[in-house]
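Below are the chains, spelled out letter by letter.
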Amino acid sequence: MSGLKLFHTTNSGVTEVTPRLAEVEADVQDLIEAHMETMLGVRFLASEYVIDCVDGGRIDSLGLDENNAPVVVEYKRGTAAGVINQGLYYLSWLMAHKDAFRNLVRDRLGASAASQVLWSAPRLICVAGDFTRYDAHAVREHRRSIDLVRYRFFGNEHIGLETVASVTGQTAAPRRARRHAAGVASAQRQDGALAQLAVAVDEALLGLGDGITRVQRKQYRAYQRLRNFACVCPPQQTKLLVYLKADPKEVGLEPGFTRDVTGLGHHGTGDLEVQLRTERDLERAQDLFRLSYAAA
């Protein structure tokens, strides 16, 4: 984000605004907690959550992401000295005290959300003024889902967030092997062209860029870039449904191929439904995949 500038128009013309760090760490925390779902795709649960352990401690923010996975968010005003290890400590405490987290979710979001917490994919999000190359390397050595997010303030009204590194909690493996493993599991349960199409969709979504995390739920598989940008449901009899974060109003909808599902119940997240029946449909959907990836 170095050198990035934001310009906004005032009555006196165009003013150049230089990116800056927060005056104090709490400024970053307060702003993100107030808009956590919009900024991080995480429903806010608690701030400065006191943990019950020998050494004590307070988790900066607790939340639940779009796939109902628990999320610990830690902040640092400047360079993230120690924030990753601190966050991992809190994440370990959380996994050892699931009942306490379930009770918190129940109190804030209701019993239904509490019963659907995805314990297989807990996440740590570190928000800081900057990270070193050693930080980016370190997160790849852990078997946890970790996102490093750099922030900058622009004037008094804007904040910019940039994902520096994003790693999945799965054991490290070559991308090709990860793709193949996901595809084989699906192909073993499904026969024919739709099984092959599901594997091709997985390849296409993972191939959009680095730092993509795949999260498996019973009803769908989510693809994340900090936030979900695509959700793929298990193949139906004649089609494969993909839900994207692209704005349906910005897309020329085609009956039988794309549909606006804003306000309609469906598995996964995203208001644009894409119906895939053939490899040709997948080719047509590539631009929509890229649009949704960019939006995330």
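Values in this document were obtained by computation on a predicted structure and should not be read as measured data.

**Section: the overall build of the chain**
Now for step 1: Helix and strand counts for the chain come out as 9 helices and 14 strands.
Now for step 2: In the chain, which comprises 296 residues, the proportion classed as buried is 47%.
Now for step 3: Put simply, the chain shows about 14,800 Å² of open surface, and 48% of that area lies on carbon and sulfur atoms.

**Here's the deal with the side chain of R123**
Now for step 1: With respect to the element layout, R123 can be found in strand β6 (residues 123-130).
Now for step 2: Ignoring any residue separated from it by four or fewer positions in sequence, one finds R123 in contact with D65, P70, V71, V72, L91, S145, D147, Q224 and L226.

**Things to note about a negative patch on the surface**
Now for step 1: On the surface, a cluster of negative charge is contributed by D247, E250, D260 and D271.
Now for step 2: For D247, the position within the fold is in the loop between β12 (240-244) and β13 (258-260).

**A look at the pairing of strand β8 (residues 158-167)**
When a strand is regular, its side chains alternate between the sheet's two faces.
Now for step 1: Relative to β8, strand β7 (residues 145-154) is paired through 9 bridges, and the arrangement is antiparallel. Bridge assignment links V149 to a residue of β8, and that residue is T163.
Now for step 2: The loop that links β7 with its antiparallel partner β8 comprises 3 residues; one of these, G155, has a positive phi angle of about 65°.

**Comments concerning the sheet that holds strand β5 (residues 70-79)**
Now for step 1: Across the sheet, 6 strands lie side by side as β3-β4-β5-β6-β7-β8; this open sheet has mixed pairing. The sheet is open, and its two borders are formed by β3 (42-50) and β8, each paired with just one other strand. When strand polarity is set aside, the average angle formed by the axes of neighbouring strands in this sheet is 25°.
Now for step 2: Relative to β5, strand β4 (residues 58-65) runs antiparallel, the two being bridged by 4 bridges. Pairing of G63 across the sheet is with V71, part of β5.
Now for step 3: Helix-sheet contacts for helix α1 (residues 25-34) involve β3, β4, β5, β6, β7 and β8, and the interaxial angle to β5 is about 145°.
Now for step 4: Sitting on the sheet, helix α4 (residues 98-109) touches β3, β4 and β5, and the angle it makes with β3 is about 125°.

**A closer look at unusual backbone geometry**
Now for step 1: Positive phi outside glycine occurs at N68, with the angle close to 65°.
Now for step 2: Residue position: N68 is located in the loop between β4 and β5.
Now for step 3: The residue L226 is not glycine, and still its phi comes out positive at about 70°.
Now for step 4: Its place among the elements puts L226 in the loop between β10 (221-225) and β11 (227-232).

**A short note on α4**
Now for step 1: For α4, built from 12 residues, the straight-helix expectation of 16 Å at 1.5 Å per residue is met to within 8% by its first-to-last C-alpha distance of 16 Å.
Now for step 2: Listed as buried for α4 are F101, L104 and V105. Around the axis of α4, the buried residues are gathered within 100° of arc, so they sit on the same side. When the buried face of α4 is taken as reference, the exposed residues oriented beyond 90 degrees from it are D99 and D107.
Now for step 3: On its buried face, α4 sits against β3, β4, β5, α3 (83-96) and α5 (111-115).
Now for step 4: Taken from the residues just after α4, G110 is the one with a positive phi, measuring 105°.

**Thoughts on the environment of M39**
Now for step 1: By the element assignment, M39 lies in helix α2 (residues 36-40).
Now for step 2: Once residues lying within four places of it in the same chain are set aside, the contact partners of M39 are L31, I32, I159, L161, L226 and R227.

**Considerations on the sheet that holds β11**
Now for step 1: Pairing is antiparallel in the open sheet, where 6 strands are placed in the order β9-β10-β11-β12-β14-β13. Single-partner strands in this sheet number two, and they are β9 (213-216) and β13. Recorded for the sheet is a direction-independent mean angle of 25° between the axes of neighbouring strands.
Now for step 2: As paired elements, β9 and β10 share 4 bridges and run antiparallel to each other. Bridging from a neighbouring strand, R214 pairs with Y223 of β10.
Now for step 3: In the packing of helix α8 (residues 193-206) onto the sheet, contacts are made with β9, β10, β11, β12 and β14 (272-276), and the angle to β12 comes to roughly 20°.

**What about α8?**
Now for step 1: Look at α8: 20 Å from first C-alpha to last across 14 residues, which is about the 20 Å you get at 1.5 Å a residue.
Now for step 2: Among the residues of α8, L194, A195, L197, A198, A200, V201, D202, A204, L205 and L206 are the ones counted as buried.

Parameters at a glance
Residues numbered from 1 in each chain as written. Predicted model: local features only at pLDDT ≥ 70, side-chain atom pairs only at ≥ 80, totals over all residues. Heavy atoms only, no water. Helix = DSSP H or I, 4+ residues; strand = E, 2+ residues; numbered from the N terminus. Buried < 20%, exposed > 50% of the residue type's maximum accessible area, 1.4 Å probe, protein only. Areas by Shrake-Rupley, 256 points an atom, 1.4 Å probe, with all protein chains shown as cover. Contact = heavy atoms within 4.5 Å. Patch = residues over 30% accessible without salt bridge, like charges linked within 9 Å, V, L, I, M, F, W, Y side chains within 5 Å. Salt bridge = Lys/Arg side-chain N within 4 Å of Asp/Glu carboxyl O. Lys, Arg positive; Asp, Glu negative; His and termini not counted. Charge placed at Lys NZ, Arg CZ, Asp CG, Glu CD. Pairing = 2+ DSSP bridges. Axes fitted to C-alpha atoms, helices over the stretch in contact; angles between N-to-C directions. Expected span 1.5 Å × (residues − 1). Arc of directions from axis to C-beta.

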